[in-house]
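Descriptive analysis of the structure
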Amino acid sequence: MLQVEGLSAGYGPITALHDVTLGADEGRITAVLGANGAGKTTLLRTVSGLHPARTGTVRLGGQDITRHSAEAMPALGMAHVPEGRGVITELTVEENLRLGGLARGRVKTADLDRVWSLFPPLDERRRAAASTLSGGERQMLVVGRALMSRPSVLLLDEPSLGLAPRIVTQIFELVRGLVREEGLAVLLVEQNARSALSVADRGVVLNLGRVVADDDAAVLAGDDQLRHAYLGF
Ligand SMILES: Nc1ncnc2c1ncn2[C@@H]1O[C@H](COP(=O)(O)OP(=O)(O)OP(=O)(O)O)[C@@H](O)[C@H]1O
Ligand SMILES: [Mg+2]
């Protein structure tokens, strides 16, 4: 579904991504792991058109989208949930979701209903201001907002950051269910490698902007040397 080949990107004199090649298949969660500064966020931002690629290509369903702008991505079927769980706090939960639908042109009731059924805590708080949500609920809201554009590829940047382990498990299980039922391709960026590998099908490990491993999640989780060197568990 998503194929990244030989991608390089950077900031002025800094090269944050060196010749990165990886893929994300439909019906699968691909975890992108690595320490602080490994280039995970830069990878997602470059894939989704928020940051320019220096070299390499990004293909979505075979189509070269490397030079497409971020605004064009929802219509192409890509949704990016950035780091930080940004929502518009003055708006209600439902209004925030509707903004996600607008990215695709118009809001469909069926899409809203799908989010309500996927995330019951949001359903219960439809008319609450987003400012009143807990961290876990906010994470559900930003994922739900991304789903409103009916993506075929979902990019998630550190959804677990700052959440209690129980809530992280809950969010990951929801993503797992979504992938199973709807065949989405998910690229899941995480520093929390242990949790990410427990939910992912595949894993790609970045170190200083380079891919140092790309394998089945179970193989990576069972590789003691790799875990100690790059994954911190
Ligand atoms: N706006 C920027 N200007 C200059 N350098 C940047 C900028 N954003 C990131 N970098 C640098 O690019 C490299 C990769 O950063 P990036 O944010 O992609 O890493 P990351 O893997 O997402 O890290 P973290 O786990 O801390 O979120 C780092 O060396 C970082 O300092
Ligand atoms: Mg990051």
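These lines cover the structure that appears in this document, whether it is placed above or below. Residue indices follow the written sequence of each chain, beginning from 1 at its first position. Here chains are named by letter from A upward and ligands by number from 1 upward, in the order in which they appear as written. In keeping with the model being predicted, local features are shown solely for residues with a pLDDT of at least 70 and side-chain atom pairs are shown and tallied solely at 80 or more, while totals for entire chains, interfaces and linings include all residues. Derived side-chain values reflect all non-hydrogen atoms in the structure, with water molecules and hydrogen atoms excluded from consideration.

Labels follow the DSSP assignment, with helices taken as runs of H or I lasting at least four residues and strands as runs of E lasting at least two, numbered in each case from the N terminus. Inspection of the secondary structure puts T132 in the loop between α5 (120-124) and α6 (135-147). Each residue's exposure class comes from its accessible area (1.4 Å probe, protein chains only) as a fraction of the maximum for that residue type: buried when under 20%, exposed when over 50%, partly exposed otherwise. T132 gets classed as partly exposed once you look at its relative accessible area, which sits at 44%. When the C-alpha atoms of T132 and I167 are compared, they prove to be 17 Å apart, with 35 residues separating the residues in sequence.

Within a sheet, adjacent strands bond to each other through the backbone by hydrogen bonds, running parallel or antiparallel. Note on pairing: two strands pair once DSSP finds at least 2 bridges between them. The sheet built from six strands is open, its strands ordered β6-β7-β8-β3-β9-β10 with mixed pairing. Two strands in the sheet have a free side with no partner beyond their single neighbour: β6 (78-81) and β10 (210-216). Taking the axes of each pair of neighbouring strands and ignoring which way they run, one obtains an average angle of 15° across the sheet. Where strand β3 (residues 28-33) meets strand β9 (residues 202-207), four bridges bridge the pair, whose relative direction is parallel. Its bridge partner lying in β9, V32 is registered against V204. Throughout, a contact is declared for two residues whenever any of their heavy atoms are within 4.5 Å. Angles run from 0 to 180 degrees between N-to-C directions of axes, and those axes are lines fitted to C-alpha atoms, restricted for helices to the stretch in contact. On the sheet, helix α10 (residues 224-231) packs against β3, β9 and β10 and is oriented at approximately 50° with respect to β9.

Here we take up the nonpolar core. As used in this record, nonpolar core signifies buried Ala, Val, Leu, Ile, Met, Phe, Trp, Tyr and Cys residues forming a set joined through side-chain atoms within 4.5 Å. In this structure, L122, L154 and V186 are the most contacted members of the largest nonpolar core, which totals 49 residues. The dominant element in this core, judged by the number of residues it contributes, is helix α7 (residues 165-182), at seven residues. Each domain's extent was defined by an automatic or database domain assignment. Both domains that meet at this core, namely domain 1 (1-77 + 154-233) and domain 2 (82-150), each give it at least three residues. Sequence-distant contacts of V186, that is, excluding residues within four places in its chain, are made with A24, R28, I29, T30, L154, L156, V175 and V179. V32, L43, M78 and V189 belong to the second largest nonpolar core, which has 26 residues in total.

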